[in-house]
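# Secondary and tertiary structure notes
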Amino acid sequence: MTLPSRTLGSLTVSAQGLGCMGMSQSYGAGDPDESVATIHRALDLGVTLLDTANVYGHGANEELVGRAIKDRRDEVVLATKFGIVWTDGVQGARGDAAFVKKCCDESLARLGVDHIDLYYQHRVDHSLPIEETWGALAELVAAGKVRHLGISEAGADTIRAAHAVHPVTALQSEWSLWTRGLEESVIPACEELGIGVVPFSPLGRGFLTGALTSTAQLSEDDMRRNLPRFSDENFAANLGIVETLTRLAAERGVTPGQLALAWVQSRGEHVVPIPGTKRRTYLEENVAAATLELTADELTAIAASVSTVAGERYPAALQANTGR
């Protein structure tokens with residue numbers, strides 16, 4: 001099949017991308033061979049946008065993606081990110097010019113490519129003027145090392161300030177049926193400025209697929225164990241969301257995950273979700289949702305299924321690095 005295309009700013013990509021983070025971290029043990037096969041299958045299905053970052057698996061994810069696309073580079077719109085740093089186990093952000101350029105060179109080497117198609121500032125360093133970071137990014141574009149620039153988990157004012165230095169092609173932030181904080185001010189700002197939106201975790205980190213029925217299914221090293229919505233109490237309270245989605249999905253003859261993903265896809269032609277998976281089976285299910293058309297009544301019913309959500313999306317320390 002050939003996926004329809006969408007545009008992020010001036011960049012044309014497939015209507016759905018592939019998030020590669022889980023192939024190397026966060027959701028239990030990885031399987032490099034299956035991960036590479038999943039990336040190849042994504043390309044076969046017409047997925048062009050592959051998303052990674054320098055911190056995923058401490059660089060291992062970029063290396064994996066680089067191996068997978070070595071002979072298929074011309075089929076890929078390659079996105080990676082910089083800016084998250086960890087100090088004594090606490091997540092922070094760094095965006096000084098020297099660091100930006102160093103990270104880019106390191107990512108190019110790990111990926112085995114001569115340019116990055118879409119380079120995101122992963123988190124904003126609020127100790128610096130955004131103009132310093134974006135001035136350095138603009139220099140990377142001028143040098144031919146990067147083609148387009150993006151920003152992740154930023155607020156509307158920060159997006160506007162970055163865009164004034166160099167056009168922002170895409171905003172990457174969490175957006176799904178149970179995470180809709182972007183809709184008040186960030187999405188309108190992106191629409192006004194012609195910036196594409198790349199939702200990560202559009203399936204609620206797997207929760208909205210209905211595949212998880214208990215936290216006991218999560219491995220001990222699964223990052224979701226540290227997220228408020230996945231605490232035993234909140235998990236149980238949120239199961240009603242999946243029950244309603246499952247009923248609505250059965251009426252359409254699709255899976256709950258496909259319904260949830262199709263809702264995100266319906267948010268606009270400038271919206272390109274990047275559901276993450278490390279298995280071909282789930283990839284194929286996700287891709288099928290890219291062309292699932294929903295009626296206005298169905299969209300209303302789907303949104304109504306998530307009237308309340310128990311728990312914040314991040315612990316307080318991580319939440320402090322988002323949305324500003």
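If you look the chain up in an unreviewed UniProt entry, it shows as Aldo/keto reductase from Pseudonocardia ailaonensis.

For the chain, the helix and strand inventory stands at 11 helices and 11 strands. In terms of overall dimensions, the chain is globule-like: its C-alpha atoms have a radius of gyration of 19 Å, near the 20 Å expected for 324 residues. Counting only C-alpha atoms, the chain reaches 55 × 40 × 40 Å along its principal axes. Relative to its 324 residues, the chain shows a buried fraction of 56%. With an accessible surface of roughly 13300 Å², the chain has 50% of that area assigned to carbon and sulfur atoms. The chain carries 28 positive and 41 negative side-chain charges, and their two centres are separated by 2 Å.

The next thing to look at is the packing of helix α3 (residues 97–111) against helix α4 (residues 130–142). Between two packed helices, both the angle of their axes relative to each other and the distance between the axes serve to describe the pair. Taken N-terminus to C-terminus, the directions of α3 and α4 make an angle of 40 degrees; their axes are 8 Å apart at the nearest point. Comparing their axes, α4 and α3 come out oblique. Of the two possible hands of crossing, α3 and α4 adopt the one that is right-handed. Taken together, the residues of α4 that come into contact with α3 (itself represented by Ala 97, Val 100, Lys 101 and Cys 104) are Glu 132, Thr 133, Ala 136, Leu 137, Glu 139 and Leu 140.

Moving on, we get to the environment of Ala 164. By the element assignment, Ala 164 lies in helix α5 (residues 156–165). Its relative accessible area of 68% is what places Ala 164 among the exposed residues. Through-space distance from the C-alpha of Ala 164 to that of Glu 131 is 8.7 Å; in sequence the pair is 33 residues apart.

This part takes up the pattern of salt bridges. This model, assessed by the stated rule, comprises 21 salt bridges. Across the salt bridge formed by Lys 101 and Glu 139, the nearest N and O atoms sit 2.4 Å from each other. Linking Lys 101 in helix α3 with Glu 139 in helix α4, this pair joins segments that are 38 residues apart in sequence.

On to the packing of aromatic side chains, then. Within the structure shown, the criterion is met by six aromatic pairs. Pairing Phe 82 with Tyr 119 gives two aromatic rings, centres 5.2 Å apart and planes at 35 degrees, and the pair type is tilted. Taken as a pair, Phe 82 in strand β5 (residues 77–82) and Tyr 119 in strand β8 (residues 116–121) lie far apart in primary sequence, 37 residues in all. As far as burial versus exposure is concerned, Phe 82 and Tyr 119 are alike and both buried. Here Phe 207 and Phe 235 contribute two aromatic rings whose centre-to-centre distance is 5.1 Å and whose plane-to-plane angle is 85 degrees, an arrangement assigned as edge-to-face. Residue Phe 207 is located in the loop between β11 (196–200) and α7 (232–252), and its partner Phe 235 is located in helix α7; the two are separated by 28 residues in the primary sequence. We note Arg 267 situated over the ring of Trp 263; from NZ or CZ to the ring centre the distance is 4.3 Å.

Quick look at the packing of helix α1 (residues 32–44) against helix α2 (residues 60–69) now. Direction vectors running N to C along α1 and α2 enclose 55 degrees, while the axes themselves pass 9 Å from each other. Judged by the angle between their axes, α1 and α2 are oblique. The handedness of the crossing between α1 and α2 is right-handed. Residues Pro 32, Ser 35, Val 36, Ile 39 and His 40 of α1 lie in contact with α2, whose contacting residues are Leu 64, Val 65, Ala 68 and Ile 69. For the contact of α1 with α2, a count of residues per class yields seven nonpolar, two polar and no charged.

The next thing to look at is the sheet that holds β5. Spatial ordering of the open sheet is given by β3-β4-β5-β8-β9-β10-β11, a layout of seven strands whose pairing is parallel. Edge positions in the sheet fall to β3 (18–19) and β11, since each of these pairs with one other strand and no more. Running at roughly 135 degrees to β8, α3 makes contact with β5, β8 and β9 (146–152) of the sheet. The strands touched by α4 are β5, β8 and β9; relative to β9, the strand with the most contacts, the crossing angle is about 155 degrees.

Even without glycine at this site, Glu 153 takes up a positive phi of about 55 degrees. Within the fold, Glu 153 resides in the loop between β9 and α5. For Arg 205, which is not a glycine, the phi torsion comes out positive at approximately 55 degrees. Looking at the secondary structure, you find Arg 205 in the loop between β11 and α7. Overall, Arg 205 belongs to the buried group, its relative accessible area being 10%.

Our focus in this paragraph is the UniProt feature "domain: NADP-dependent oxidoreductase" (unreviewed entry) in the chain. Feature annotation in UniProt assigns "domain: NADP-dependent oxidoreductase" (unreviewed entry) to the following positions: residues 17–304. Between the C-alpha atoms that bound residues 17–304 the distance is 26 Å, and the span itself is 41% helix and 15% strand.

Before going further, it helps to spend a moment on α7. For α7, spanning 21 residues, the distance from its first C-alpha to its last is 31 Å, which sits close to the expected 30 Å at 1.5 Å a residue. Taken as a whole, α7 carries its principal kink of about 30 degrees at Asn 238. Where α7 is concerned, the buried positions are Asn 234, Phe 235, Asn 238, Ile 241, Val 242, Leu 245, Leu 248 and Ala 249. On its buried face, α7 is in contact with α8 (256–265) and α10 (296–304). Positive backbone phi, at 75 degrees, marks Gly 253, one or two positions downstream of α7.

Calculation criteria
- Residues numbered from 1 in each chain as written.
- Predicted model: local features only at pLDDT ≥ 70, side-chain atom pairs only at ≥ 80, totals over all residues.
- Heavy atoms only, no water.
- Helix = DSSP H or I, 4+ residues; strand = E, 2+ residues; numbered from the N terminus.
- Rg over C-alpha atoms; globule rule 2.2 N^0.38 Å.
- Buried < 20%, exposed > 50% of the residue type's maximum accessible area, 1.4 Å probe, protein only.
- Areas by Shrake-Rupley, 256 points an atom, 1.4 Å probe, with all protein chains shown as cover.
- Lys, Arg positive; Asp, Glu negative; His and termini not counted.
- Charge placed at Lys NZ, Arg CZ, Asp CG, Glu CD.
- Axes fitted to C-alpha atoms, helices over the stretch in contact; angles between N-to-C directions.
- Parallel < 35°, antiparallel > 145°, perpendicular 65-115°, else oblique.
- Left-handed = near helix turned anticlockwise from the far one by under 90°.
- Contact = heavy atoms within 4.5 Å.
- Salt bridge = Lys/Arg side-chain N within 4 Å of Asp/Glu carboxyl O.
- Phe/Tyr/Trp six-rings, centres within 6.5 Å; stacked < 30°, edge-to-face > 60°.
- Lys NZ or Arg CZ within 6 Å of the ring centre and 35° of its normal.
- Nonpolar A, V, L, I, M, F, W, Y, C, P; charged D, E, K, R; others polar.
- Pairing = 2+ DSSP bridges.
- UniProt positions renumbered as here; feature names shortened; annotations may be inferred.
- Expected span 1.5 Å × (residues − 1).
- Bend = angle between axes of the 7 residues up to and from the residue.

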